[in-house]
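Topology and contacts: notes
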Amino acid sequence: HFGHNQSFENFLISKNKTKELEMIQALPKQVKVEFTYQEEQLGLGHAVLCAEEFVQNEPFALLLGDDLYVGKKEPATKQMIQAYERTNSSILGTLEVPLEDVCKYGICSPIKETSNDLVELKSVVEKPNPQNAPSNLAIGGRYILTPTIFEFLKTQTRGAGGEIQLTDSILRMMSKEKVYAL
């Protein structure tokens, strides 16, 4: 995505799209991209664990590409970073979902009900049955995580689907530090 694609560049040339061609040719010089491979597909928790060396013991944002979030006044990720700066704790970006859809998400259980957007959590559970769900507050694929998550991912037993579930490690991490939902 961030390198040269000669066939696409040739296509742009054939369509006389010089502005677009210049833009994509300039991109690799403007952006520094580093990545790691997940050699085996062992779940989201495993994918995050593959990035441990890259993170270098710093808090980090994890943004899954399933959905696009747009803040009303500020970008959603900026709001999460600001919440992290207030709490120095992991932040889970959440959304309310219909009860019948909780089985598709990691679901949060707040310590107490509040009208605030930022709530401390007592637990999270991966893809619960609707009758067992602690709430309808779903983790929406946006996280600010502390590097503490890695110590729990390294020892995480496989959960739902035989995968290393990030939600399971977040639940275990709650025994050591606070986690909030925004």
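One structure accompanies this document, and this report is about it.

**A few points about a nonpolar patch on the surface**
Together, Val31, Val33, Phe35 and Tyr37 give the surface a local cluster of nonpolar side chains, amounting to about 430 Å² of exposed area. Mapped onto the secondary structure, valine 31 falls in the loop between α2 (18-30) and α3 (44-49).

**Overview of the pattern of salt bridges**
If you walk through the whole model with that rule in mind, you get 7 salt bridges. We note a salt bridge from aspartate 101 to lysine 104, for which the minimum N-O separation is 3.3 Å. Here lysine 104 falls in the exposed class, since its relative accessible area comes to 54%. Among the salt bridges present, the one from glutamate 151 reaches lysine 176, with a minimum N-O distance of 3.1 Å. Separated by 25 residues along the polypeptide, glutamate 151 in helix α6 (residues 149-153) and lysine 176 in the loop between α7 (166-173) and β6 (179-181) bring together distant segments of the chain. Under the relative-accessibility criterion, lysine 176 is labelled exposed at 52%.

**Overview of unusual backbone geometry**
Within the chain, asparagine 57 stands out as a residue other than glycine whose phi angle is a positive 60°. Secondary-structure assignment places asparagine 57 in the loop between α4 (52-55) and β1 (60-63). Even without being glycine, lysine 127 reaches a positive phi, approximately 45°. Tracing the backbone shows lysine 127 in the loop between β4 (119-126) and β5 (137-145).

**A short note on the packing of aromatic side chains**
Using the criterion set out here, one finds 3 aromatic pairs in the structure. Summarising the aromatic geometry, the rings of phenylalanine 8 and phenylalanine 11 are spaced 6.3 Å apart at their centres and angled 20° between planes, so their arrangement reads as stacked. A residue pair is termed a helical-turn pair when its members lie 3 or 4 positions apart in one helix, as phenylalanine 8 and phenylalanine 11 do in helix α1 (residues 6-14) at 3 residues. The class of phenylalanine 8 is partly exposed, set by a relative accessible area of 36%. Ring centres of phenylalanine 35 and tyrosine 37 lie 5.5 Å apart, and the angle between their planes is 90°; on these two criteria the pair is classed as edge-to-face. Taken as a pair, phenylalanine 35 and tyrosine 37 share a single burial class, namely exposed.

**A few points about the packing of α1 against α2**
Running from N to C, α1 and α2 cross one another at 160°; their axes reach a closest spacing of 8 Å. In this view, α1 runs roughly antiparallel relative to α2, as classed from their interaxial angle. In this structure, α1 meets α2 at a crossing whose hand is left-handed. On α2, the residues touching Phe8, Glu9, Leu12 and Ile13 of α1 are Glu20, Leu21, Ile24 and Gln25. Along the lines of polarity and charge, the residues of the contact of α1 with α2 split into 5 nonpolar, 1 polar and 2 charged.

**Describing the pairing of β5**
Along β5, 9 of the 9 residues are buried, which leaves the element largely enclosed by surrounding structure. In terms of strand pairing, β1 meets β5 through 4 bridges, oriented antiparallel. Bridge pairing in β5 links leucine 62 to tyrosine 143. Inspection of the sheet shows strand β2 (residues 90-96) paired to β5 by 6 bridges, in the antiparallel sense. Directly across from leucine 92, in β5, lies its bridge partner tyrosine 143. Looking at chain direction, strand β3 (residues 106-110) and β5 are connected through 2 bridges and run antiparallel. Across the sheet, the residue bridging to isoleucine 107 is alanine 138, located in β5.

Cut-off values and rules
- Residues numbered from 1 in each chain as written.
- Predicted model: local features only at pLDDT ≥ 70, side-chain atom pairs only at ≥ 80, totals over all residues.
- Heavy atoms only, no water.
- Patch = residues over 30% accessible without salt bridge, like charges linked within 9 Å, V, L, I, M, F, W, Y side chains within 5 Å.
- Areas by Shrake-Rupley, 256 points an atom, 1.4 Å probe, with all protein chains shown as cover.
- Salt bridge = Lys/Arg side-chain N within 4 Å of Asp/Glu carboxyl O.
- Helix = DSSP H or I, 4+ residues; strand = E, 2+ residues; numbered from the N terminus.
- Buried < 20%, exposed > 50% of the residue type's maximum accessible area, 1.4 Å probe, protein only.
- Phe/Tyr/Trp six-rings, centres within 6.5 Å; stacked < 30°, edge-to-face > 60°.
- Axes fitted to C-alpha atoms, helices over the stretch in contact; angles between N-to-C directions.
- Parallel < 35°, antiparallel > 145°, perpendicular 65-115°, else oblique.
- Left-handed = near helix turned anticlockwise from the far one by under 90°.
- Contact = heavy atoms within 4.5 Å.
- Nonpolar A, V, L, I, M, F, W, Y, C, P; charged D, E, K, R; others polar.
- Pairing = 2+ DSSP bridges.

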